[in-house]
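Listed here are the chains, written in short residue letters.
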Amino acid sequence: MNKIINKKTGFILYPVILLTAISMMLLQGCEVVKTAAKVGEEAGILTSQQAAGIEKTATAVERSQEEITPSEEYYIGRTVGAVITNKYKVYQVDRATRYINELGQTIAVHSDLPETFGGYHFLILDTDEINAFAAPGGLIFISRGLLRCCNNEDAAAAVLAHEIGHVQHRHGLDAIQKSRITSAVTTGLLEAGKNLTYAQVAELTTIFEGSIRDITSTLINNGYSRALERQADQAAVVILQRCGYNPQGLVDMLRVMDTRLKPGALDFAKTHPSPATRIASIQESYGAFSPVNQGLQRQVRFKRALAGI
Amino acid sequence: MKKKKFIIYAVVSAACIFLLTAPASAATMSIQVRETQLRATPGYFGKIISRAAYGDQVAVEGAKGSWKKVRLLKTGRTGWLNSSALSAKEIKLVAGAKGTKGAASASELQLAGKGFNPEVEKEFKNRNRQISFLWVDKMEQIVISDADKQKFAREGGLTLNGNGGR
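Residues numbered from 1 in each chain as written. Chains lettered and ligands numbered in written order. Predicted model: local features only at pLDDT ≥ 70, side-chain atom pairs only at ≥ 80, totals over all residues.

In this section: the overall build of chain B. Per the secondary structure count, chain B includes four helices and seven strands. Shown N-terminal to C-terminal, the secondary structure of chain B runs as helices and strands in the order α-β-β-β-β-β-β-β-α-α-α. Counting only contacts in chain B whose residues sit at least 6 apart along the sequence, the fraction spanning at least 24 positions is 48%. (Helix = DSSP H or I, 4+ residues; strand = E, 2+ residues; numbered from the N terminus. Contact = placed C-beta atoms within 7 Å.)

All names here are of chain A. The biggest cluster of nonpolar side chains holds 97 residues, and the ones touching the most others in it are I107, I142, V159, L160 and L240. Among the elements that line this core, the one with the most residues is helix α7 (residues 153–168), at nine residues. Not counting the four nearest positions on each side in its chain, V159 is found in contact with A132, I142, L146, C150 and M253. (Core = buried A, V, L, I, M, F, W, Y, C linked by C-beta atoms within 7 Å. Buried ≥ 20, exposed ≤ 12 C-beta atoms within 10 Å, placed from the backbone.)

All names here are of chain A. Here N152 is to be found in the loop between α6 (144–147) and α7. The exposure class assigned to N152 is buried, which follows from the 21 C-beta atoms found within 10 Å. A sequence separation of 146 residues divides N152 from R298, and the C-alpha atoms of the two residues are 7.9 Å apart. Sequence-distant contacts of N152, that is, excluding residues within four places in its chain, are made with G249, V292, Q294, Q299 and F302.

Moving on: the sheet that holds strand β3 (residues 139–143) of chain A. Adjacent strands of a sheet form backbone hydrogen bonds with each other and so pair up, either parallel or antiparallel. Residues and elements named next belong to chain A. Across the sheet, which stays open at both edges, the three strands sit in the order β1-β3-β2 with mixed pairing between neighbours. At either margin of the open sheet sits one strand with a lone partner, and together these are β1 (121–125) and β2 (132–135). Mean inter-strand twist for the sheet, computed between neighbouring axes without regard to direction, equals 15°. Examined bridge by bridge, β2 and β3 share four bridges and lie antiparallel to one another. Within β3, the position partnered with A132 by the bridge is I142. Of the strands in this sheet, β2 and β3 are in contact with helix α4 (residues 70–87), which crosses β2 at around 155°. Across the face of the sheet, α7 comes into contact with β1, β2 and β3 while running at roughly 35° to β2. (Pairing = 2+ DSSP bridges. Axes fitted to C-alpha atoms, helices over the stretch in contact; angles between N-to-C directions.)

All right, on to the packing of helix α10 (residues 198–222) of chain A against helix α2 (residues 118–127) of chain B then. It is the contact of α10(A) with α2(B), at a shortest axis distance of 9 Å, that shows an interaxial angle of 75°. As summarised for this structure, α10(A) and α2(B) are arranged roughly perpendicular, according to the angle between their axes. Contacts between α10(A) and α2(B) pair A:V201, A:A202, A:L204, A:T205, A:F208 and A:E209 from the former with B:E119, B:V120, B:E123, B:F124 and B:R127 from the latter. For the contact of α10(A) with α2(B), a count of residues per class yields six nonpolar, one polar and four charged. (Parallel < 35°, antiparallel > 145°, perpendicular 65-115°, else oblique. Nonpolar A, V, L, I, M, F, W, Y, C, P; charged D, E, K, R; others polar.)

Residues and elements named next belong to chain B. Both strand β1 (residues 28–31) and strand β4 (residues 57–64) contribute to a ladder of three bridges, which runs antiparallel. Considered in β4, the bridge of T28 is made with A59. Looking at chain direction, β1 and strand β7 (residues 86–87) are connected through two bridges and run antiparallel. Across the sheet, residue I31 finds its bridge partner in β7, namely L86.

All names here are of chain A. Residue-level pLDDT values for chain A average 83, and 75% of them are 70 or greater. Between residues 22–45, whose pLDDT stays under 50, and residues either more than four places distant or in other chains, the model counts 48 contacts. Scored below 50 in pLDDT, residues 49–66 makes 23 contacts in the model with residues more than four places away or belonging to other chains. (pLDDT = per-residue confidence, 0-100.)

What follows is about the packing of helix α5 (residues 94–108) of chain A against α7(A). All names here are of chain A. It is at 10 Å that the axes of α5 and α7 come closest, and there the two elements cross at 55°. What the angle tells us is that α5 and α7 run oblique. Where α5 crosses over α7, the handedness of that crossing is right-handed. Packed against α5, whose contacting residues are I100, L103, G104, I107 and A108, the element α7 presents A156, A157, L160, A161 and I164 at the interface. Here the contact of α5 with α7 is composed, by residue class, of nine nonpolar, one polar and no charged. (Left-handed = near helix turned anticlockwise from the far one by under 90°.)

Turning next to unusual backbone geometry. All names here are of chain A. With a phi close to 55°, R170 is a non-glycine residue in the positive phi region. The topology assignment puts R170 in the loop between α7 and α8 (171–174). C-beta crowding within 10 Å serves as the criterion here: with 17 such atoms nearby, R170 is assigned to the partly exposed category.

Further remarks concern the confidence of the model for chain B. All names here are of chain B. The predicted model of chain B has a mean per-residue pLDDT of 80, with 69% of residues at 70 or higher. Least confident of the elements in chain B is helix α1 (residues 2–25), whose mean pLDDT is 58; most confident is helix α3 (residues 134–140), at 98. pLDDT under 50 marks residues 21–26. Its contacts with residues more than four places away, or in other chains, come to two contacts. Contacts from residues 95–113, a stretch scored under 50 in pLDDT, to residues over four places away or in other chains number 34 contacts. As a predicted assembly, this complex carries a pTM of 0.79 together with an ipTM value of 0.78.

What follows is about α5(A). When the terminal C-alpha atoms of α5(A) are compared, their 21 Å separation across 15 residues agrees well with the 21 Å that a helix rising 1.5 Å per residue should span. Counting buried positions along α5(A) gives 11 out of 15 residues, so the element sits mostly inside the fold. For α5(A), the full list of buried residues reads A:T97, A:Y99, A:I100, A:N101, A:E102, A:L103, A:G104, A:Q105, A:T106, A:I107 and A:A108. The inward-facing, buried residues of α5(A) abut β1, β3, α7, α11 (226–243) and α15 (296–305) of chain A together with α4 (146–155) of chain B. (Expected span 1.5 Å × (residues − 1).)

Take a look at the structure:
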């Protein structure tokens, strides 16, 4: 082969093979590409370095194809929500529930992910804990303890916007161990277009249960990394600004939270960076905001809806 | 020898051109949310032209910010959809898929992509009978209408451009 295809031809063929490889990747998956890269290397057209480069690109595409679809995200989120509402009692005051849904669903329109498979929905948890959970797909749970840290609507909007930020960035799905996704996707791809056998549903359900455990243990026990919390705070600031809320509401809420968090508590005290750290990070990115000076009507409806919180 | 090189070159180039142009010409996208609305203008509070459901296909005819002007293939109606409702991947519903409206019928939705779907949720419920989905089902029913969102924004002195983020 080396004799047939000289250096000059190789020079012409290399970009051609690379383009073919990318096209094949788009249409036929990665195994073909890896094989093509190997063949290219063996034929002497590609150096081993060039071949390795193509293989690496193929692997990267393979990983992005493992993405969970919005409908799968929805089913994951429902079950995460079910686990949360079985652990906590739900606060059943209709005007409060209605209000946080009006607030949450209105500001979600201004997020970078305004539509999810099943939409955004909010519930209040009947607990003194200072806590909140965002299940993938947009089911969001806020504790009474956290709402008590809010002195005005801008602060309450900030709490909801931070959780919408977690949904928008799909942080919940990041908590799932990669090995589970790979096997779930493999099973799914093999059977695309066909009905699953009971054994396959059982296998998928085991992977599903594991994924739910990964997410709920992150949400409830371990918390996200500082980087992800910073990302959610930044998303919150952007959403608030787009809606006409003052992002200072987020800072005000964090200051109140700072006075109320109890060291060692199994809530934000354990799962989130300290309010002081979060405030510092927000101010580093955005500088200082002007004081919250909301209109009378905002304050009236906020007080009325959350009077008993 | 020259002839052989020429043939290799021609065949590979033809394959390249075919493979590269094929996906570019397909400006068809699929609805990836349960239900959405085609709007007369690129924003959430524009007049609703038509409703579209999960798996419906659209031809993309234009774009503005995070909005796409689309033609709904099943009805031929044209309007604007937010990009978050659209997927470049084709979504196939398997035979027997029934209605896709509302949370109550979510269990009837069959997803050809497989993976985590209503069948998996059903099996999860069988295995974990102590976990109730009551509140999840209830909260999914809480939907604030466009009119109520606009009223909430107006009364609170909020900006409601409805351009849907980016």
